[in-house]
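These are the residues of each chain, in order.
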Amino acid sequence: MKNWRPAELQFTAQGAEYARLWQVNLLLTLLTLGLYRPFAKARKLQYLYAHTGFDGHPLAFHGNPWRMLGGYLVMLTLFTLYSASTYAKPMVYLAAAVLLALLWPALWRSGLRYRLGHTSWRGLRFGFAGSVVGAYRAMLPWVLPPVFYGVSVVHFAPNTLLGELPKLPTWVWVLNAVVAFGSIPLGLAWVKRYQNNGYRFAGQAAKLEMKDASFFRLGTQVFFLSILALLMALAVIAVVKLVSGAWLSETEQRFLFFVLWWVAIYLVVLVGGAAQFAAGTQNIVWNATHSEDVRFRSFLDAPGYAALQLKNWSLVALTLGLYRPFALISAQRMRLEAIRIELADEPAQWTRTPGMGRTGTKGEMSGDFFGLDLGW
Amino acid sequence: MQNEHLDATWFDGELAQPQPVSLSLHGAQLHVRTADGAKTYASASLRWPEPTQHRVRQLLLPDGSVVECQDSTRWDRWTAAHAIQAAPAVRWAATAWGPWAATLLIFVFAFCTWRWALPVVADQAALWVPASAERELGDSFWTELDRKWFKPSQLSKAEQQAAFKAMAPIMSLAGPEIRVSLRQGPARMGPNAFALPGGQIVITDELVRLLSQEDGSVHPALAGVLAHEIGHVTHRHGLRGVFRTAATAALTGLKLGDYSALLALAPTAFAQANYSREGEREADAEARRLMQAAQIDPRSMVYFFTQLSKAMKGRDTDTILLGLARHPADNERIRFFEQP
């Protein structure tokens, strides 16, 4: 029997402190037309990692911004070309989208390797051991909906021109929706499994043991909650419309309705729904992850997190973006404080994973030519 | 205080076991003395930690090892005594006024970019696009629009001929890229005309009817409307608008980043509104010039505006959404065409 003891996870970053860093970062990014972004990101990560303490020692981010600049320029070129293709003919756009989708898993894996390989705790680097093939396999479910849609169009409405809504029978639309609702959570489950099973630290391999079904349950839950919230928003808007009839003309009313409806969709789906989904995902994934001597628990309160994000994004909008650094820190704090970690061993005895890089050694040389760092 | 040692712990990157070290500075060199010996680093090339309120300081060394000090007060005093300075951007953020100045500059920069730089850059980018590509873009867009929203003109042969006759003086001045089509638009579109990049111009049946006279002819104001649309084509407003929208969206994305996609749409819409008001003025100026060249009295446009406002009265179209942006106040435009 192992003797588990709780280890403290401390987040000591402060909104006001981070805001100073963020403001200067943003100004320099704007003045350099975006070229400063990797430097800003390295500094931001250094700040956040240095203020995330685990068992008395902070994490550290070792990324070299000059290297990250290379990766950033590659991504910038890819996405500029992709965005430009949306203005081109549908066929060109389709080709660009397919090309980006084909590259994406490899880029994503490269980003994971870079981020983990440049993160340390007690001087030991983390690592990511997921294979390239594994990255493609993990994202396979997400290929299903577009392929299924393509097949339906070719079969039922072969004369549809690109960029036009095809005339499909209703049951085919329903079937497409079912395929999408099935594949998206399944893909998420596979992606998370690939991701967490790839984490390495001090000779230990993380293991994620969960059922794919938990993501279906989460997806369904968030979907119905969002529908419910939208219906409630619709009821409120209807009352507003009824009451405002006394002062507003019909056109003005329609305009008001239009604006309120989009605000409601934004708040309910993009903020509330996304937050609920993120909270659920964190709980599912981290309650099922462990390694030989480390195990995790996550108790993030989904409604509470959604409420925090609603507050955050409303304030971000009201302050023209100035509240953003405070929003980021408060969200991160809530997410981290919901995680409990237990250790079965004395980490002071741990040693570097053989073959996992230190600067200039194999890990960095063989893996990533560019400092490709994705995500925030 | 010079050459004073600072005791800290050190992780060598191989073992998680912390080792006691003492740091000392000799000129531009940092010495890290461990139990097994000393390592030397050029002080200026190190990224010294930021003086935050947190009690732990960490110094990441270029060989991947990490120095950690659990007493930030001692660390900060030591670095200050040795005149170690953080990177300029870090020092800037640490001053009392720095972040506020940065915020002010961000808004000044954003405003200047949006008001002056973006239009110029977008216009330059649009100049690079060859006319043939612009025409292809506009035509393929029109093919799609035509199929989705328009029906062939329901006007009689005679009405169509009258319309083209009214426009003939302007058409004779226009280049071969200008092509005019009459179409029956969706009801909400009402009396309307628009130009696509590359020279395709569309006029709705309702607009022709609006300007039809009792004797079967069409008022010369229709020629004015056509001249206005030609103005949009010669100034390449369509393509420039596409570039401006894209550039504004990109810049907003840079500021807000991440998933605030819908928030990013608002500035784009405002940019679009302002640019198009400017565009309408340019097109009006071109219309006036063309009308004078074709010896049509510019004042005939006043008839168009009065007819239009009569027709729109009490009509249920999305005038707010359009009127929010699209056209400068009608009165201002009427005055423009009335001036001698």
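All of the points below concern the structure found in this document.

Conventions we followed
Residues numbered from 1 in each chain as written. Chains lettered and ligands numbered in written order. Predicted model: local features only at pLDDT ≥ 70, side-chain atom pairs only at ≥ 80, totals over all residues. Heavy atoms only, no water. Helix = DSSP H or I, 4+ residues; strand = E, 2+ residues; numbered from the N terminus. Rg over C-alpha atoms; globule rule 2.2 N^0.38 Å. Buried < 20%, exposed > 50% of the residue type's maximum accessible area, 1.4 Å probe, protein only. Contact = heavy atoms within 4.5 Å. 1 Å grid on protein atoms, 1.4 Å probe; cavity = no way out; pocket = protein on both sides within 12 Å on 5 of 7 lines; lining within 4 Å. Points joined across faces, edges and corners; volume = space filled by probe spheres on them. Nonpolar A, V, L, I, M, F, W, Y, C, P; charged D, E, K, R; others polar. Pairing = 2+ DSSP bridges. Polar contact = N/O pair within 3.5 Å; in protein donor to acceptor, adjacent residues only side chain to side chain. Patch = residues over 30% accessible without salt bridge, like charges linked within 9 Å, V, L, I, M, F, W, Y side chains within 5 Å. Areas by Shrake-Rupley, 256 points an atom, 1.4 Å probe, with all protein chains shown as cover. Salt bridge = Lys/Arg side-chain N within 4 Å of Asp/Glu carboxyl O. Core = buried A, V, L, I, M, F, W, Y, C linked by side-chain atoms within 4.5 Å. Buried area = accessible area lost by both parts, 1.4 Å probe.

## Here we look at the overall build of chain A
From N to C terminus, chain A includes 12 helices and 12 strands. Taking 21 Å as the expected radius of gyration for a compact globule of 376 residues, we find that chain A reaches 23 Å, a close match to that expectation. Along the three orthogonal principal directions, the C-alpha set of chain A runs to about 70 × 50 × 50 Å. Counting every position in chain A, which comprises 376 residues, the buried fraction comes to 48%. Look at the contacts in chain A between residues 6 or more apart in sequence, and 74% of them connect residues 24 or more apart.

## Structural notes on the layout of surface pockets
Here the second largest pocket is characterised by a volume of approximately 1,200 Å³. Taken together, 49 residues make up the lining of the second largest pocket; nearest its centre are Gln46 of chain A together with Ser45, Leu46, Arg47 and Trp48 of chain B. At the level of elements, α2 (37-50) and α3 (65-85) of chain A together with β2 (19-26), β5 (57-60) and α2 (88-94) of chain B are the ones that each hand at least two residues to the lining of the second largest pocket. Sorting elements by how many residues they give to the lining of the second largest pocket places α2 of chain A first, with six residues. Of the residues assigned to the lining of the second largest pocket, the class counts are 24 nonpolar, 18 polar and seven charged.

## Structural notes on the pairing of β5 of chain B
All names here are of chain B. Burial along β5 is two-sided: the residues Arg57 and Leu59 and Gln58 and Leu60 are all buried. The pairing of β5 with strand β6 (residues 66-69) spans four bridges and is classified as antiparallel. The residue of β6 that forms the bridge with leucine 59 is valine 67.

## Looking at the side chain of aspartate 284 of chain B
Residues and elements named next belong to chain B. Here aspartate 284 lies in helix α9 (residues 261-293). Judged by its relative accessible area of 3%, aspartate 284 falls in the buried class. Among the polar contacts made by the side chain of aspartate 284, one reaches the side chain of arginine 333 at a distance of 2.8 Å. Contacts of aspartate 284, omitting those with residues within four sequence positions, involve His228, Arg333, Phe336 and Phe337.

## Re a nonpolar patch on the surface
Residues and elements named next belong to chain A. Taken together, Phe181, Phe223, Phe224, Ile227, Leu231 and Leu234 make up a surface patch of nonpolar side chains, about 570 Å² in accessible area. Tallying contributions element by element places helix α8 (residues 213-244) first for the nonpolar patch, with five residues. The topology assignment puts phenylalanine 223 in helix α8.

## Considering the nonpolar core
In this structure, Tyr18, Leu48, Ile329 and Trp350 of chain A are the most contacted members of the largest nonpolar core, which totals 45 residues. Counting residues per element, this core draws most heavily on helix α1 (residues 15-31) of chain A, at eight residues. Not counting residues within four places of it along the chain, the set of residues in contact with tryptophan 350 of chain A comprises Trp121, Leu124, Phe201, Ala202, Gln204, Asp293, Val294, Leu343 and Asp345 of chain A together with Leu15 and Ala16 of chain B. Core analysis: the second largest hydrophobic core is formed by 37 residues, Ile203, Leu207, Val208 and Phe337 of chain B among them.

## Examining the interface of chain B and chain A
The partner chain A presents 66 residues to the 61 residues of chain B that form the contact. Around 5,700 Å² of area is buried between chain B and chain A when both sides are counted, 59% of it from carbon and sulfur atoms. With a shortest N-O distance of 3.0 Å, glutamate 14 of chain B and arginine 352 of chain A are connected by a salt bridge. Here chain B and chain A share 16 residue pairs in polar contact (both at pLDDT 80 or more) between them. Elements represented by at least two residues in the side of chain B that touches chain A include exactly β5, β6, α2, α3 (98-128), α4 (131-149), α8 (237-256), α9 and α11 (319-323) of chain B. Residue contributions to the side of chain B that touches chain A peak at seven residues, all from α3 of chain B. Classifying every residue of the side of chain B that touches chain A by side-chain character gives 30 nonpolar, 15 polar and 16 charged.

## A look at the pattern of salt bridges
All names here are of chain A. For the structure shown, the criterion picks out 21 salt bridges over all chains. Of the charged contacts in the structure, one is a salt bridge between glutamate 346 and arginine 5, with a shortest N-O distance of 3.8 Å. Of this pair, glutamate 346 sits in the loop between β12 (339-343) and α12 (362-367) while arginine 5 sits in strand β1 (residues 5-7), placing them 341 residues apart in sequence. Look at glutamate 346 and you get partly exposed, because its relative accessible area is 35%. With a shortest N-O distance of 3.9 Å, arginine 333 and glutamate 337 are connected by a salt bridge. Of this pair, arginine 333 and glutamate 337 both sit in helix α11 (residues 324-337), separated by four residues, roughly a single helical turn. Since its relative accessible area comes to 26%, arginine 333 is described here as partly exposed. Here the residues in one salt-bridge network are Arg5, Asp55 and Glu346, joined through shared partners.

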